[in-house]
Amino acid sequence: MTDAIELKQEGELNAAEVVKFFDNVKNENGEKLTQSEKRGRLRFLFTKLYQNKAKNRCTLPKGKIVPIVVHRRQEGRAPAYYLNTARVPKEIILKAFAEQTGITYKNERPQAKKIGELIVSDVKHLFDNVKSEEGKKLSGFKKQDRLNGLFRKLYERPEDNICEIAGKKQPIIVERLGINNKTMYCLNSSEHRQEILSAFAQWADCKYCSEKEDAEKLQEKQEGELTPRECARIFHKVENYGKEYKKYTSEKLAQWFEYIYNNPKLNQVKLPNGSEVKIVVRRQSYAQQCYCLNTADEVIKPFVLKQIAEITKAEICFDNLCIKTHSKNALYKSILAVCKAEQKATKVQDKKYYRSYAQKAYESLSPQSRELTVTEWLQHIANQKRK
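As the structure is a computational prediction, the values presented were derived from the model and not from experiment.

A. How the structure looks around the packing of aromatic side chains. Overall, the coordinates contain 15 aromatic pairs when judged by the stated rule. Their ring planes at 50° and their centres at 6.0 Å tell us that Phe 303 and Tyr 354 sit as a pair that is tilted. Within this pair, whereas Phe 303 is found in helix H9 (residues 301-312), its partner Tyr 354 is found in helix H11 (residues 348-365), the two being separated by 51 residues in sequence. Here Phe 303 and Tyr 354 have matching classes, each one buried. Three or more aromatic residues joined by ring pairs form one cluster here, namely Phe 127, Phe 151, Phe 200, Trp 203 and Tyr 208. Positioned over the ring face of Tyr 50 is Lys 53, at 3.9 Å from the centre of the ring.

B. Structural detail: the pattern of salt bridges. This model, assessed by the stated rule, comprises 16 salt bridges. The salt bridge partner of Glu 28 is Arg 41, with a shortest N-O separation of 3.2 Å. With Glu 28 in the loop between strand E2 (22-23) and helix H2 (35-51) and Arg 41 in helix H2, this pair connects stretches of sequence that are 13 residues apart. Taking the shortest distance from any N to any O, the salt bridge between Arg 176 and Glu 117 comes out at 3.0 Å. Of this pair, Arg 176 sits in strand E12 (residues 173-177) while Glu 117 sits in the loop between strand E8 (111-112) and helix H4 (120-123), placing them 59 residues apart in sequence. Across the pair, exposure class does not vary: Arg 176 and Glu 117 are buried alike. Residues joined in a network through salt bridges with shared partners are Glu 6, Glu 12 and Arg 72.

C. Region of the structure containing the packing of H2 against helix H3 (residues 90-101). At a closest axis distance of 11 Å, the pairing of H2 and H3 adopts a crossing angle of 85°. Between H2 and H3, the angle is such that the two are roughly perpendicular. Here H2 contributes Leu 42, Leu 45, Phe 46 and Leu 49 to the contact with H3, which in turn contributes Phe 97, Gln 100 and Thr 101. Per-class residue counts for the contact of H2 with H3 are five nonpolar, two polar and no charged.

D. Examining the packing of helix H5 (residues 140-155) against helix H6 (residues 193-204) more closely. H6 packs onto H5 with a crossing angle of 95° between their chain directions and a minimal axis gap of 11 Å. With respect to H6, the axis of H5 lies roughly perpendicular. Where H5 approaches H6, its residues Leu 147, Leu 150, Phe 151, Lys 153 and Leu 154 are matched on the opposing element by Phe 200, Trp 203 and Ala 204.

E. Structural context of the sheet that holds E12. Pairing is mixed across the open sheet formed by three strands, whose spatial order is E8-E12-E13. In the strand order of this sheet, the two ends are held by E8 and strand E13 (183-187), each with one partner. As paired elements, E12 and E13 share five bridges and run antiparallel to each other. Within the sheet, the bridge partner assigned to Leu 177 lies in E13 and is Thr 183.

What counts, and where the lines are drawn
Residues numbered from 1 in each chain as written. Predicted model: local features only at pLDDT ≥ 70, side-chain atom pairs only at ≥ 80, totals over all residues. Heavy atoms only, no water. Phe/Tyr/Trp six-rings, centres within 6.5 Å; stacked < 30°, edge-to-face > 60°. Helix = DSSP H or I, 4+ residues; strand = E, 2+ residues; numbered from the N terminus. Buried < 20%, exposed > 50% of the residue type's maximum accessible area, 1.4 Å probe, protein only. Lys NZ or Arg CZ within 6 Å of the ring centre and 35° of its normal. Salt bridge = Lys/Arg side-chain N within 4 Å of Asp/Glu carboxyl O. Axes fitted to C-alpha atoms, helices over the stretch in contact; angles between N-to-C directions. Parallel < 35°, antiparallel > 145°, perpendicular 65-115°, else oblique. Contact = heavy atoms within 4.5 Å. Nonpolar A, V, L, I, M, F, W, Y, C, P; charged D, E, K, R; others polar. Pairing = 2+ DSSP bridges.

Okay, here's the thing in structure tokens:
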């Protein structure tokens, strides 16, 4: 007969409430987890530790032994596992849990990312001779993955993660919070860019190509151009590029955008008027370089989105698609171009896409008309012109 499960006490914390305090939470393959996967892994560790009575113990400063994880129930909810932080100092329990499960306890949250601090994708083109552990020179996504690993490795070695600048010791790699509170490792380059990049290259045994810093002056990101993160809500079921393990949609799209940009024959789409335009463009956004969809022009946008969906085998979610209405003339031209493309299309799925996009654009345009569909509206305009 099992013991009755006690009611949850105020102050006991679940996995979602403490996820921000832990780092280096990894799956069975040793891959570091973030967001929902990280929370799920913590719930698993809660359960696993609770079931191990010998390890689920914490000795307080006065010698009292208390459990780290407790099993509780709330009215109207299924029983769940919580950290025993109701009457025990939270820091003691969090630290004990981290020690027993082999993860890292962080008693302070990272600062927000500063302008000028650089992630790997910003600077990978500036480093040459990046090698694998076996000594093989890397390129492309393998080079990027290796640099990400080196950023993390150096951050976790405080004795090496030091650069002396103007008589002061500065960390080379810092941990920061990005969009959606996702932690990332950045070069501490907001004030001393070249010194920090040089220090990292020396530690990583690669070459910092400072001559490339001014080799390419990129155009500023334009309104309407979409980054991978902004596209994540629009494109569903994006196929992985290169890697087999699971990635978030924005990360998959980032890899696809870079691949498409570096393949000129693939990086183009033909418009109904016969002209060709780029699908992906490279831009400067604040202190970062990024790949964006060439969607600033509303007339081009539907054809760029369609081409990206076909390349990545994705589905477009029209509910999440935002169509700008600052230029109603451009939006009207876009509707006409899409409707003409629908008339010329021979495939059913192509016709369906063009019709759906035209209807979405028509609803965004919000014309003063009683017609409910774009087809009815265009027919009304044609009738008006005949009179």
